[in-house]
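Given next are the chains, with one letter for each unit.
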Amino acid sequence: MSDATSPVENEYDVFGIQDKWLPVWDDLRPFASGNPTDKRPKKYVLDMFPYPSGDLHMGHAEAYALGDVVARYWVQKGFNVLHPIGWDAFGLPAENAAIKRNLDPRGWTYENIEQQRSSMRRYACSFDWDRVIRTCDPIYYRWNQWLFLEFYNKGLAYRKNSMVNWCPSCQTVLANEQVVGGLCERCDSAVTKKALTQWFFKVTEYADRLLDDLDTLEGNWPAKVLTMQRNWIGRSYGAEVQFEVEGRSEPVTVYTTRPDTLFGATFMVVAPDSELATELVAGAEAGIQAEFANYLDIVKASNDIERLSTEREKTGIFLGRYAVNPVNGERLPVWTADYVLSDYGTGAIMAVPAHDQRDLDFARTMNLPVRVVLETEAGDPAVTGEAATGEGVLVNSGPLNGLHKADAIAKITEILNQDGKGKAAKNFRLRDWLISRQRYWGTPIPIIHCDKCGEVPVAQDQLPVELPSAEGLDLQPKGTSPLGAASDWVNVACPNCGGAALRDTDTMDTFVDSSWYFLRYLSPTSTEFAFDPQAAKDWAPVDQYVGGVTHAILHLLYARFFTKVLKDLGHVDFNEPFTRLLNQGMVLMNGSAMSKSRGNLVRLSDQLDEHGVDAIRLTMAFAGPPEDDIDWADVSPAGSAKFLARAWRVANDVTSAKDVDFASGNKDVRKAVHLFLREFSANIENFKFNVGVAKIMELVNVLRKAIDSGCGPADVAVREGAQELAKALSLFAPYTAEDMWSKLGFGPGVALAEFAKADESLLVENSIVAIVQVDGKLRDKFEVAIEISADDLQALALASEAVQKAIGEKTIANVIVRQPKLVSIATK
RNA sequence: GCCGAAGUGGCGAAAUGGCAGACGCGGAGCACUCAAAAUGCUUUGCCGAGAGGCGUGUGGGUUCGACUCCCACCUUCGGCACCA
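Worth saying up front: this structure is predicted, and the values here are computed from it rather than measured. (Residues numbered from 1 in each chain as written. Chains lettered and ligands numbered in written order. Predicted model: local features only at pLDDT ≥ 70, side-chain atom pairs only at ≥ 80, totals over all residues. Heavy atoms only, no water.)

K.L.:
Any details on the protein's contact with RNA strand B? Residues and values, ideally.
P.N.:
In the vicinity of RNA strand B there are 50 residues, among which Thr257, Arg312, Arg358, Arg429 and Lys781 approach most closely. Considering the 4 Å shell around the protein, atoms of RNA strand B inside it are sugar or phosphate in 64% of instances. At a separation of 2.8 Å, a sugar or linking oxygen of RNA strand B approaches a polar side-chain atom of Glu698. At 3.4 Å from a base oxygen of RNA strand B is found a side-chain nitrogen or oxygen belonging to Arg818. No other element matches the six residues that helix α23 (residues 689-709) contributes to the surface near RNA strand B. (Near = heavy atom within 4 Å. Polar contact = N/O pair within 3.5 Å; in protein donor to acceptor, adjacent residues only side chain to side chain. Helix = DSSP H or I, 4+ residues; strand = E, 2+ residues; numbered from the N terminus.)

Below, the structure is given as structure tokens:
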């Protein structure tokens, strides 16, 4: 044992304190939240759970550093904070890695989880380790299956055949949300379309609520995320209009947002891959049928990348059929073209080339007529090639003539309604969520297919439907689920009739797992509930969610959808899962995302070995606003380490005894400490972590100066400051803070030490520096009493030599006095 | 193309409409040292010897006063992208 004067005890030893405190915390368990007698108010702080693909990286380090600031802050504000962690453990990367290395995805996944868990412990994350969940555990995914059946029984899970997104490389279908710019989110292959029977969740039934409830999150979620969600849901208002088609008994319904332009329709277009197109062309002459078949082949083969290429020529063919405009009886040729989508609206449109750019482009390509029905300031669309989409007055439109756009929409909708030819309607860009996947490493869908009985849900008491062992299964992607080959597993007796039946062999999209995991943390081991309803009442919804903006649409939309369904099913009593959301930025290196192929990868473990955990965490928080990206090339972990040593020395230099009354301490130092307390809280609560750290640095500078050249290390105000410093630093640098706390004479657990309240009586100012501006420019400043009168302040300002000089020959036009802070003089 | 956000020193950044550049990185200088490292202190927007002037993407506007509010433009980034 070294004594108190040995150099080792008086030096800041970054790695020594890590080794010293880690085992102490393991025993102390400061962040356990499960004590039922805990009377502190509750707060639920949640970090997005990681995918276990290897060890933690710099991005995790930023996310968990910032999430920890929030979680630790509320603990030290006296709250019982629930801050859990788990693993989003199912999914393609594990499966692909398993195939590549010829391993079971299980082993790979659990090894990575252990690796990450150990790194999180070292990183001093303030997680409650009693509540860990892993979505690939049967005890977890059993409840995915339960939820699926809840949805199924409500009619919210259904199976249908449709054209779906297909990734030819992953050999699986993808949800709309997983197609990014026409590419597979996971592997960047060009996504194509394929007709398949797949499971969907009926998100569209909740489209209105998902959109409207975003208003309740205003101010608490980043505006950017709210906008992205609104755009994604994409609600539009318009009308459905019925067109008779010659030779067809049923009219064809089209959707339009511009029913006011109905008199300007000059043709109709149906989506080539729609049933309607196939049906209509069947009644056409043979030549057209052949042409159509050819066109449809071309359309099906094209992927989204080709479709997205800009300035693409419009293509399409005439179907040889005619529709009738319901308002004027005109015959409109019916075309098919791939610019009309089969899965939006009704898959058929009325084309008004004068007032819709796409219709105009098509009309000009195919030499179809263009008729203006809305007079605007723009030129003739047929000549300029620019559709007139602005405001104007209706012409050539019978009863609508002379009306403005909005009035015309109302009027025509009314007319159509009366005549039974149409009605007001709305549409969404949002599509139903395709949740089945043709891969192994996911939650089996708890449905049994029986030739006699059809889809039969697995009984509740038969859950979970456990994923069979991967042993002996060929996981190579081949377009159908590998589970189909597990014959012992697939072949079952129908629960209904007892006859031979087959299990559904698809697995669920892993976004199902993450859509409700925040509830599972509340009772992570329950075999009775997905989540304990009482615990949900106590803790949910999440007060503060922290995670990357990459999940701005998919995960957050799905989790919001689940929450609304669970509310309707009576399982929760709130509408929105995440009350407040913080999106942290990314960690870059030299301006771009880190990657092995770019050669700019910075390894977290290397950084931790070089600078220590605390310096890395502090650097993450201090680099800038949390929403902004951090370029690791621009920041200085060495500078952070230097600062931590400086802070540590302050605590080490304190010589006064603990448990003293601070009232006798140096007034100036005390004032600085209490001003710090006030500002620091505000900064943290407003996510200005970088400014909060700057305030800590200022406090250290004040204390350093007080010790070296002020009141000295024995003054109790220095102790007061050092104690609050250790507490505040604990949010960013838990090891250093714990060691400082120990130097100050306390037992382990600075993370549980509550902040002192700012003593406002110490912050009362009796003088202030007043400033004087002449024509908006600062010309003088001087100290004045806080209660100075406006007249006195003005007199002082005008008497100032510098002010006189600035005014010079000019005459004073106006003097504004804001006592005691400011005098503003305007001249002319 | 449409929607949105952002432009402040050499760099990361701060600033309820009221002292622009807090805090830090980097730089310069000094002290301690035989020396170096570490540490501490001073200094550091630009131009100018100085007085002083100029400065928050550009141009206007509102205001006694604008990084902050309004309009237009430029640039960068993000989202959506044939959604009728």
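K.L.:
Give a description of helix α11 (residues 357-366) that names residues and reports values.
P.N.:
Within α11 the residues assigned to the buried category are Asp359, Leu360, Phe362 and Ala363. Projected down its long axis, α11 shows its buried positions confined to an angular sector of 165°, all on one face. For α11, the elements touching its buried residues are β12 (267-270), β14 (331-336), β15 (348-351) and α12 (381-384). Remark: Asn367 follows α11 within two positions and exhibits a positive phi of approximately 60°. (Buried < 20%, exposed > 50% of the residue type's maximum accessible area, 1.4 Å probe, protein only. Arc of directions from axis to C-beta. Contact = heavy atoms within 4.5 Å.)

K.L.:
Hey, could you go over a positive patch on the surface for me, with residue numbers and the actual values?
P.N.:
On the surface, a cluster of positive charge is contributed by Lys777, Arg779, Lys805 and Lys810. By the element assignment, Lys805 lies in helix α28 (residues 801-807). A relative accessible area of 74% means that Lys805 is categorised as exposed. (Patch = residues over 30% accessible without salt bridge, like charges linked within 9 Å, V, L, I, M, F, W, Y side chains within 5 Å. Areas by Shrake-Rupley, 256 points an atom, 1.4 Å probe, with all protein chains shown as cover. Salt bridge = Lys/Arg side-chain N within 4 Å of Asp/Glu carboxyl O. Lys, Arg positive; Asp, Glu negative; His and termini not counted. Charge placed at Lys NZ, Arg CZ, Asp CG, Glu CD.)

K.L.:
Break down the sheet that holds strand β28 (residues 587-589) for me, with residues and values.
P.N.:
Read from one edge of the open sheet, three strands run β29-β28-β30, paired in mixed fashion. Here the strands that pair on one side only, and so sit at the sheet edges, are β29 (592-593) and β30 (630-631). Pairing analysis gives two bridges linking β28 to β29, with the strands arranged antiparallel. Across the sheet, residue Leu588 finds its bridge partner in β29, namely Ala593. (Pairing = 2+ DSSP bridges.)

K.L.:
Give me the packing of aromatic side chains: which residues, what numbers.
P.N.:
Aromatic ring pairs are reported here in terms of the distance separating the ring centres and the angle at which the planes meet. In the structure shown here, the tally under the stated rule is 42 aromatic pairs. With centroids separated by 5.4 Å and ring planes inclined at 45°, the aromatic side chains of Phe90 and Tyr141 adopt a geometry described as tilted. Of the two residues, Phe90 is situated in the loop between β3 (86-87) and α3 (92-101) and Tyr141 in helix α5 (residues 138-153); the sequence distance between them amounts to 51 residues. Between Phe511 and Tyr558, the ring centres sit 5.7 Å apart and the planes meet at 65°, which makes this aromatic pair edge-to-face. With a gap of 47 residues between them, Phe511 in helix α15 (residues 510-513) and Tyr558 in helix α18 (residues 554-568) connect regions that are remote in the sequence. Residue Phe511 shares its accessibility class with Tyr558, and that shared class is buried. Three or more aromatic residues joined by ring pairs form one cluster here, namely Phe148, Phe151, Tyr152, Trp199, Phe201, Tyr206, Trp433, Phe511, Tyr558, Phe561 and Phe562. (Phe/Tyr/Trp six-rings, centres within 6.5 Å; stacked < 30°, edge-to-face > 60°.)

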